[in-house]
Amino acid sequence: MTSRLLQRSLGSPDYDGIRQALRDDTSTPVISVRGLEVRVAVLPLFTHDGRQAVRVSSTEPLTHVLVGVDSASGSDVTLLVPEVDEPRVLTLECRDDAGVVGSARITVTPQRKWHVFVVHHSHLDIGYTDPQGTVLRHHLDYLDAALRLAEETASWPDDAKFRWTVESSMPALRWLDNRPKEMVDSFAALARAGSIEVTALPFQLHTEACSTEELRRQLRFTTQLEQRYGFATRSAMHTDVPGAVVGLVDALSAAGVRYLAAAHNWAGRSVPYLHGGDKLTRPFRWRAPSGNEILVWFTDTPHGMAYMEGNTVGLTDSYELADDLLPRYLSALATRGYPYGPGTFGWQGPDAPKEPYELDVLHLRVQGAHADNAGPSIVPATIARRWNEQWAYPRLRSAVNSDFFEHVEERYHDRLAVHEGDWTDWWADGLGSGARPLGYVRRAQSALRVAETLHTLAGVDATEQVDAAYDKVALFNEHTWGAANPWEDAEEAGDSGGLQWTRKSSGAYAAQDDAADLLHAGIRRFAAALSESGVEGGALASFAVFNPGTRARTDVVRAFLPRDVVGVDVPIALVDARTGATLPHHEEFVDPDDWPTRPIGRHIHAVVPDISGYGYVRVDVVPGESQAPEPVELDLSGVIENEFYRVAYDVREGYVASIFDKRAGRELVNGDAAAGFGQYVYDRYATAPHFNHLSGHVGAHDRTLLGDRAIGTHATIKEARRTAVGEKLVVELRGKGVDWIRTTIELHYGVPRLDLTYQLAKQGTPAKEAVFLAFPFAAGPATAWELTGGVGGPDVPRVPGSAEYMLPIRHWVAFEDPELTVAWATLEAPLVQLGTIHMPYAPFPPTLDQEDGTVYSWALNNIWDTNFPAQQQGETTFRYAVTSQAGAVGRRLGTEAASGLTEPFVGALITDSPASEETYVRVDHPDVLVTSLGWDGVRLQSLAAEPVEVRVSRPGHETAEVTLPACGVAVVRGTRQ
């Protein structure tokens with residue numbers, strides 16, 4: 001009794017309820033007498049002898065007669081009529097032992113002759129249902145089973161043979177490395193024959209967390225598979241995550257992949273159908289700004305049935321259940337856009353109409369069980385075999401993923417809709433649930449580009465090590481960030497939250513360590529190569545200050561001068577070897593009494609002017625007349641400035657009150673905004689923690705669920721000082737959700753950029769919370785922002801149904817007006833909301849009036865109730881930058897703002913004196929970036945919205961002329977010197 005009580009009281013309807021809803025929604029009551037009901041469904045079922053089906057169900061067994069055509073007895077029967085090409089009216093009589101119970105006129109209508117491609121796979125969650133290692137070992141076992149099932153069905157009719165699609169290639173790659181040669185040979189033969197398909201993505205990614213370079217590197221194995229085993233990777237599957245970046249189109253195209261099967265899991269927390277998703281036809285052609293396009297299928301049930309469609313209609317249960325449900329499902333698709341009616345899944349159903357599905361071909365995923373990480377089953381193949389013996393149509397084919405796309409491409413390609421732009425992910429808010437490790441990963445992404453460049457310039461091929469580090473980065477960006485119940489701490493199954501998050505987060509920290517190690521080694525190797533090319537000079541030491549950005553710029557360099565190179569008591573000066581000019585510098589000593597566990601010497605800070613992109617300037621360390629000047633303590637008024645900006649901090653209010661652009665004579669801060677500039681905003685929600693999928697049952701149509709909103713208070717200026725390189729202000733505040741907030745505001749002399757660093761001593765809590773940092777600009781709406789593989793903007797197309805209330809960006813947002821362009825950049829925190837803060841529950845209403853110029857950095861949250869960590873704590877750092885320039889193009893200025901964060905100058909200590917400066921690569925188009933130098937060549941990326949011609953110049957090489965498509969990527973070969 002207790003179990004029945006709980007089952008009837010909690011959760012969503014089970015399969016029985018969903019399936020009954022489908023039966024009811026696809027049949028019409030035609031007779032109702034004395035408590036007896038008879039329902040009729042005209043279904044797209046055709047026999048091999050040219051008849052079509054009418055299904056009749058009754059609440060008690062009867063004899064059902066289509067007068068003059070067919071009859072059968074029972075409570076659920078299929079009657080057959082000659083195929084019709086126009087509506088035909090027939091009489092149905094229902095009889096019991098006493099005679100006719102009732103009769104009705106029914107209309108038999110023409111039906112589609114469907115081709116259903118049943119694609120058997122297992123959705124890979126690396127974690128969620130079990131600790132990560134357990135899950136991956138199970139997936140390797142699944143491939144063993146797939147081989148056995150393929151052999152078992154080898155003699156079956158072709159459409160019924162067991163076929164297996166490896167949804168995420170990582171298990172296949174591990175399997176191929178860890179199985180006997182005989183099994184590997186069998187696998188490769190089945191893959192070449194089309195019985196097994198390995199798809200392109202290594203695992204299911206939050207693609208918006210990936211850098212463009214990372215995303216492309218994760219597809220490198222496609223070439224390796226073809227070279228080693230002789231089978232091509234033709235398609236990709238993107239499962240669970242409801243959205244993907246526009247850069248995925250170009251990345252897949254570059255790997256030779258033309259097809260993408262997406263199964264978006266709305267999981268109740270997303271409402272694409274309220275944001276144009278009802279207009280997204282399927283299949284469709286997804287086109288990037290570059291002109292590359294892929295053919296996309298996406299499953300389309302609004303509430304989380306995405307990759308369980310085939311299971312829901314019985315294709316992994318039994319032939320009898322599939323015979324009952326699959327024709328009804330097809331009938332529903334042909335007559336309305338969403339096959340299940342509102343409320344079927346226990347919460348709000350779609351309230352927007354959708355046009356019926358128009359093709360007669362369907363991609364239908366199945367898994368061996370209704371679960372993530374489910375293994376293969378022979379049941380779908382046995383159902384297909386018996387089905388095709390019984391019915392001519394629908395024709396079922398046990399298929400691999402690309403089979404469906406080849407069928408569609410051949411027959412329908414030119415009539416498919418084309419959609420462009422980003423397919424913004426509805427689950428991107430989850431990126432804020434692990435803010436600290438995510439920050440480490442984003443720093444690693446930047447460091448790896450610089451590390452590979454320096455190794456390449458030093459003549460060292462570090463490709464393998466860089467690839468391995470990118471793999472760790474990508475594993476953190478894999479979509480399963482926690483257990484099904486992440487607040488639990490069991491040792492196995494979906495309650496193993498502690499174990500899963502420990503492994504997940506440790507991978508992020510290891511990735512950052514690997515990147516830092518590679519950068520550390522790259523700097524030393526670059527320095528050694530330069531020293532070998534130099535001559536002895538009169539300097540005590542020298543630094544090669546390298547600019548890893550594309551554009552020439554003036555910026556600060558931070559470098560370490562060891563005590564054993566130059567004694568800490570020796571006064572020094574820094575000299576620009578190009579001009580002989582002395583560069584003001586600031587020193588910070590590492591005292592062995594304070595830091596006996598760290599290298600002894602001095603950290604040197606200096607602003608080096610006008611270093612060419614991908615070039616270095618030699619800065620000599622020479623004897624000085626006196627020690628570097630000590631910092632000057634400023635008054636506590638909260639004002640700092642340089643040549644470009646005057647910044648004033650309001651201690652009473654706890655935010656930046658003014659950023660005055662001296663060149664433009666203009667205030668950058670909107671002083672009338674709801675939030676202050678850089679203000680800490682802490683939201684608590686009136687929803688309970690520790691309830692799996694709670695957000696799928698919660699709707700927020702106003703601010704009722706905003707339980708509390710607080711700001712940082714009790715600001716105290718802890719440091720205000722001027723050094724030889726700039727001015728700095730450090731403020732500490734108190735606030736809900738944290739022990740303390742430390743804000744560091746810096747201006748460097750000669751550098752037209754404001755740097756802001758926020759450190760939070762985050763308190764852990766399971767209560768639903770979010771932290772925002774507000775940046776209200778005195779500007780109009782944002783005009784451009786950086787995406788993975790593209791540039792977004794208010795007028796840039798997006799795939800219909802994309803998330804709109806938040807933006808997962810790479811690094812920058814730009815605001816342009818005729819007088820001034822302003823750019824804002826972030827390093828660690830990719831989530832932003834523009835103009836207001838939205839409630840984090842569907843349909844995501846705003847909680848503030850819209851202010852077009854305000855960026856809210858959504859630094860962290862724990863609003864997820866499964867899959868992501870339930871809480872987060874510890875010291876966490878977020879860095880931002882602001883710059884402005886009259887007449888600048890937003891995307892160019894945005895890149896400049898981000899460059900100081902993501903591409904800081906590198907100071908390489910050299911022992912001899914090479915040339916005073918050198919530039920290794922130049923590009924002559926302002927919208928083209930050099931993203932890195934690798935062993936394969938110079939890597940380019942365009943930010944332009946149209947194709948551009950660019951000349952790439954390198955010492956010792958002929959100038960290369962390259963045509964880059966809009967937002968395109970290219971590699972100019974021949975980097976090695």
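Data block above holds the structure.
I will try to describe carefully the structure that is included in this document. (Residues numbered from 1 in each chain as written. Predicted model: local features only at pLDDT ≥ 70, side-chain atom pairs only at ≥ 80, totals over all residues. Heavy atoms only, no water.)

## Description of the sheet that holds strand S38 (residues 807-808)
Okay, so step 1: With antiparallel pairing, the six strands of this open sheet are ordered in space as S30-S29-S35-S42-S41-S38. Each edge of the open sheet is held by one strand with a lone partner, namely strand S30 (706-711) and S38.
Okay, so step 2: Pairing analysis gives five bridges linking strand S29 (residues 679-685) to S30, with the strands arranged antiparallel. Paired with Tyr685 across the bridge in S30 is Leu706. (Pairing = 2+ DSSP bridges. Helix = DSSP H or I, 4+ residues; strand = E, 2+ residues; numbered from the N terminus.)

## Some words on the pairing of strand S15 (residues 395-399)
Okay, so step 1: Taking burial as the measure, the five residues of S15 include four buried ones, the bulk of the element.
Okay, so step 2: Sheet topology note: the strand S7 (residues 115-120)/S15 ladder contains five bridges and is parallel. Each residue of the ladder has a partner; that of Val116, found in S15, is Leu396. (Buried < 20%, exposed > 50% of the residue type's maximum accessible area, 1.4 Å probe, protein only.)

## Looking at helix H13 (residues 435-457)
Okay, so step 1: Over its 23 residues, H13 runs 34 Å from end to end, which matches the ideal 33 Å to within 8%, given 1.5 Å per residue.
Okay, so step 2: Of all 23 residues in H13, 21 are buried; the element is thus mostly enclosed.
Okay, so step 3: The positive-phi residue at the C-terminal boundary of H13 is Gly459, with phi of around 80°. (Expected span 1.5 Å × (residues − 1).)

## Here we look at unusual backbone geometry
Negative phi characterises most residues that are not glycine, and trans characterises most peptide bonds.
Okay, so step 1: Residue Pro394 is bonded to the preceding Tyr393 through a cis peptide linkage, with omega at 0°.
Okay, so step 2: With respect to the helices and strands, Pro394 occurs in the loop between helix H11 (379-390) and S15.
Okay, so step 3: Going from Ala842 to Pro843, the amide bond is cis rather than trans, its omega being 0°.
Okay, so step 4: Position of Pro843 among the secondary structure elements: in the loop between strand S41 (831-834) and strand S42 (854-861).
Okay, so step 5: With a phi close to 60°, Asn373 is a non-glycine residue in the positive phi region.
Okay, so step 6: Its location among the elements puts Asn373 in the loop between strand S14 (361-366) and H11.
Okay, so step 7: Even without glycine at this site, Cys967 takes up a positive phi of about 50°.
Okay, so step 8: Its relative accessible area of 5% is what places Cys967 among the buried residues.

## Structural notes on the packing of aromatic side chains
Okay, so step 1: Within this structure, the stated rule accounts for 44 aromatic pairs.
Okay, so step 2: On the numbers, 5.4 Å between centres and 45° between planes, the contact of Phe777 with Phe815 is tilted. Highlighted residues: Phe777 in the loop between strand S35 (769-776) and strand S36 (784-787) and Phe815 in strand S39 (residues 812-816), separated in sequence by 38 residues.
Okay, so step 3: Classification of Phe777 by relative accessible area gives buried; the value is 2%.
Okay, so step 4: Taken together, the ring pairs connect Trp114, Phe117, Tyr259, Trp297, Tyr357, Phe404 and Phe405 into an aromatic cluster. (Phe/Tyr/Trp six-rings, centres within 6.5 Å; stacked < 30°, edge-to-face > 60°.)

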